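In case you want the letters, here they are:
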Amino acid sequence: MQGKEQHSLRYGYSTGACMTALCLGLWKNYLTGEKPQHIELLFLDNQKKELPLILDELDHGILKIQKDGGDDPDCTHLAILSATFCESTLSYAQKEDYILPIGNNTLIVHAVHGIGLCTRKGLDCEEGKWAINIKPRQMLIENMQLHGFGTYHHKKTTVFQFNLTVEHGEELAKKTLNSKLGIIGGISILGTTGHVRPFSHDAYKATIKICANTVRLENGTHIVFSTGGRSLTNAKKYYSHLPESAFISIADFIGFSIETAKNYHIKEISIACMAGKLCKYAAQQFYTHAHKEEQDLTLLKKEIALAIQQLPQEEIKDTLWKNAQSVREALCSFTEKGQKQILHNLAEKALLFFKTLYPHGIFHILVCDFDGTILMIKHSETQ
């Protein structure tokens, strides 16, 4: 929760952070021969944290880590990730691998077992590649750069291969939505910042109330709710005149948050979200967590069918949206202009839903793309 520590709950770290810790630990071992028991990582929110490593097979070149989800355990909590690291050449890279140029060096990221393969468009991993999302890859690159990868000149080797395994990853994936999203054979390597934020419902709701009450006590009349870190960052840029206390991360608690603003008589409410959450708002979902409310694309496809009647043919790339399994995948069937028309229609329905929760509220929806950049802003009728 932005600006408020939940002292009773323990933060964990993501599978993306685990991946970075393994690669960095193996890189240090390669350079020095040392066997680090802990590795300090720079997370994508600029915080630093030490993660413990498991060294029992490092003599055989295998380093392990056990994921700790903190007080927000999901199916990957306590999962074991293992990895090896070696000199390589680009000819060894498979088409599914990520080839990461880092300065003068290149890192091939290869999944051995337990990590899914992305078979659809519109996800944070690339179609035809291992299900390793863009933010974990960014975290990996930044930490390796900090420790000299990219400036390594010893011998003639400039290309290295990092081989990653998630033990029992295929079984763990059966507890996720991966197969529906088009990720087959294992879990995804995830994490927006590297942290896993504690998600006790009561504690999260209590923190939302505390933050909203702070706005009230400061005589604030405008509150900004965001569903994640990327949308929050850009909302702060857009509303740079508002104090830090006006911005609250609400995760999936949209209905509760609007009702809280209503109870504290905060009249103007902005909601920064991406397309997936927007679709759920348009479908009038009071609580939007994927484990509780699976994405129902019926409304989205109905809106697409209506929008197509108004869109010029050149805005429609294909008809793959009819079989899409995610909002992002469905939107890939349209040009940027076509996507905005569809999002506009969804935003109108979401605003109507918000007004049923707080009839006298003034609402603004900041619709963000998948990097958090604001695509459009829609306002409720009452200004």
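As the structure is a prediction and not an experimental result, all values here were calculated from the model.

Draft legend 1. Summary view of the overall build of the protein chain. From N to C terminus, the protein chain includes 11 helices and 16 strands. Expected size for 383 residues packed as a compact globule is a radius of gyration near 21 Å; at 22 Å, the protein chain falls within 12% of this value. Dimensions of the protein chain along its principal axes, counting C-alpha atoms only, are 70 × 50 × 35 Å. Per-residue burial for the protein chain yields a buried fraction of 52% across its 383 residues. Intrachain contacts of the protein chain at a sequence separation of at least 6 include 68% that bridge at least 24 residues. Within the protein chain, the 41 negative side-chain charges are centred at a point lying 4 Å from the centre of the 41 positive side-chain charges.

Draft legend 2. Looking closely at the packing of helix α9 (residues 298–308) against helix α11 (residues 336–357). Two elements in contact, α9 and α11, have axes whose closest approach is 9 Å; the angle formed by their N-to-C orientations is 125°. With respect to their mutual orientation, α9 and α11 come out oblique. The handedness of the crossing between α9 and α11 is right-handed. Here Leu 299, Leu 300, Glu 303, Ile 304 and Ala 307 of α9 come into contact with α11, specifically with Gln 341, Ile 342, Asn 345, Leu 346 and Lys 349. Class assignment of the residues belonging to the contact of α9 with α11 gives a composition of six nonpolar, two polar and two charged.

Draft legend 3. Focus on the packing of aromatic side chains. Here the structure, examined in full by the defined rule, presents 17 aromatic pairs. Arranged with centres 5.8 Å apart and planes meeting at 10°, the rings of Trp 27 and Tyr 30 form a pair that is stacked. Placement of the pair is Trp 27 and Tyr 30 together in helix α1 (residues 15–32), with a separation of three residues, close to one helical turn. Each ring, one from Tyr 358 and one from Phe 363, has its centre 6.2 Å from the other, and the planes form 90°; the classification is edge-to-face.

Draft legend 4. Fine view of the sheet that holds strand β15 (residues 362–368). Sheet architecture is open: five strands sit in the order β13-β12-β14-β15-β16, paired in mixed fashion. A strand with exactly one partner marks an edge of an open sheet, and here the two such strands are β13 (247–249) and β16 (374–379). Each strand axis lies, on average, 20° off the axis of its neighbour in the sheet, ignoring direction. Pairing analysis gives five bridges linking strand β12 (residues 222–226) to strand β14 (residues 268–274), with the strands arranged parallel. Bridging across to β14, Ser 226 finds its partner in Ala 272.

Draft legend 5. Geometry of the nonpolar core. Judged by nonpolar contacts, the single largest core of 52 residues is most densely connected at Ile 223, Leu 278, Leu 300, Phe 354 and Ile 365. In terms of residue count, the dominant contributor to this core is α11 (nine residues). Contact partners of Leu 300, with chain neighbours within four places excluded, come to Cys 279, Val 327, Ala 330, Ile 342 and Leu 346. Judged by nonpolar contacts, the second largest core, of 49 residues, contains Ala 17, Leu 51, Leu 53 and Ala 111.

Draft legend 6. Up close: the pattern of salt bridges. In this structure the tally under the stated criterion is 14 salt bridges. The partner of Glu 167 in a salt bridge is Lys 64, with the nearest N and O atoms 3.5 Å apart. Placement of the pair is Glu 167 in the loop between β9 (159–166) and α3 (169–173) and Lys 64 in strand β4 (residues 63–66), with a sequence separation of 103 residues. By relative accessible area, which is 26% here, Glu 167 ends up partly exposed. For Asp 124, the salt bridge identified is with Arg 230, shortest N-O distance 3.8 Å. Note that Asp 124 is positioned in the loop between β8 (117–118) and α2 (134–146) and Arg 230 in helix α6 (residues 229–238), a separation of 106 residues in sequence. With relative accessibility at 17%, the residue Arg 230 sits in the buried group. Where salt bridges share partners, they join Glu 57, Lys 64 and Glu 167 into one cluster.

Draft legend 7. Structural detail: the side chain of Asp 369. When you line up the elements, Asp 369 lands in the loop between β15 and β16. At 7.7 Å, Arg 230 is the nearest oppositely charged side chain to Asp 369, a buried residue that forms no salt bridge. A distance of 2.9 Å separates a polar atom in the side chain of Asp 369 from the backbone nitrogen of Asp 371. Setting aside residues no more than four positions away along its own chain, Asp 369 makes contact with Met 274 and Leu 375.

Draft legend 8. Summary view of the environment of Ala 275. As for its placement among the helices and strands, Ala 275 is situated in helix α8 (residues 275–282). Overall, the relative accessible area of 3% leaves Ala 275 in the buried class. As for Ala 275 and Thr 192, which are separated by 83 residues in sequence, their C-alpha atoms are 17 Å apart. Beyond its immediate sequence surroundings of up to four residues, Ala 275 is in contact with Val 327, Leu 331, Leu 343, Cys 368 and Phe 370.

Draft legend 9. Up close: the sheet that holds strand β5 (residues 80–87). Across the sheet, which stays open at both edges, the five strands sit in the order β4-β5-β9-β7-β6 with mixed pairing between neighbours. Of all the strands in the sheet, the pair left with one neighbour each is β4 and β6 (98–102). Averaged over neighbouring strand pairs, the angle between their axes works out to 25° when direction is ignored. By the bridge criterion, seven bridges tie strand β7 (residues 105–113) to β9 in an arrangement that is parallel. Residue Val 109 lies in a different strand from β9, and its bridge partner there is Phe 162. Here α1 sits on the sheet in contact with β4, β5, β7 and β9, set at roughly 40° to β5. Against the sheet, α2 contacts β5, β6 and β7, and its axis sits at roughly 35° relative to β6.

Cut-offs used in this document
- Residues numbered from 1 in each chain as written.
- Predicted model: local features only at pLDDT ≥ 70, side-chain atom pairs only at ≥ 80, totals over all residues.
- Heavy atoms only, no water.
- Helix = DSSP H or I, 4+ residues; strand = E, 2+ residues; numbered from the N terminus.
- Rg over C-alpha atoms; globule rule 2.2 N^0.38 Å.
- Buried < 20%, exposed > 50% of the residue type's maximum accessible area, 1.4 Å probe, protein only.
- Contact = heavy atoms within 4.5 Å.
- Lys, Arg positive; Asp, Glu negative; His and termini not counted.
- Charge placed at Lys NZ, Arg CZ, Asp CG, Glu CD.
- Axes fitted to C-alpha atoms, helices over the stretch in contact; angles between N-to-C directions.
- Parallel < 35°, antiparallel > 145°, perpendicular 65-115°, else oblique.
- Left-handed = near helix turned anticlockwise from the far one by under 90°.
- Nonpolar A, V, L, I, M, F, W, Y, C, P; charged D, E, K, R; others polar.
- Phe/Tyr/Trp six-rings, centres within 6.5 Å; stacked < 30°, edge-to-face > 60°.
- Pairing = 2+ DSSP bridges.
- Core = buried A, V, L, I, M, F, W, Y, C linked by side-chain atoms within 4.5 Å.
- Salt bridge = Lys/Arg side-chain N within 4 Å of Asp/Glu carboxyl O.
- Polar contact = N/O pair within 3.5 Å; in protein donor to acceptor, adjacent residues only side chain to side chain.

Structural measurements only, silent on function.
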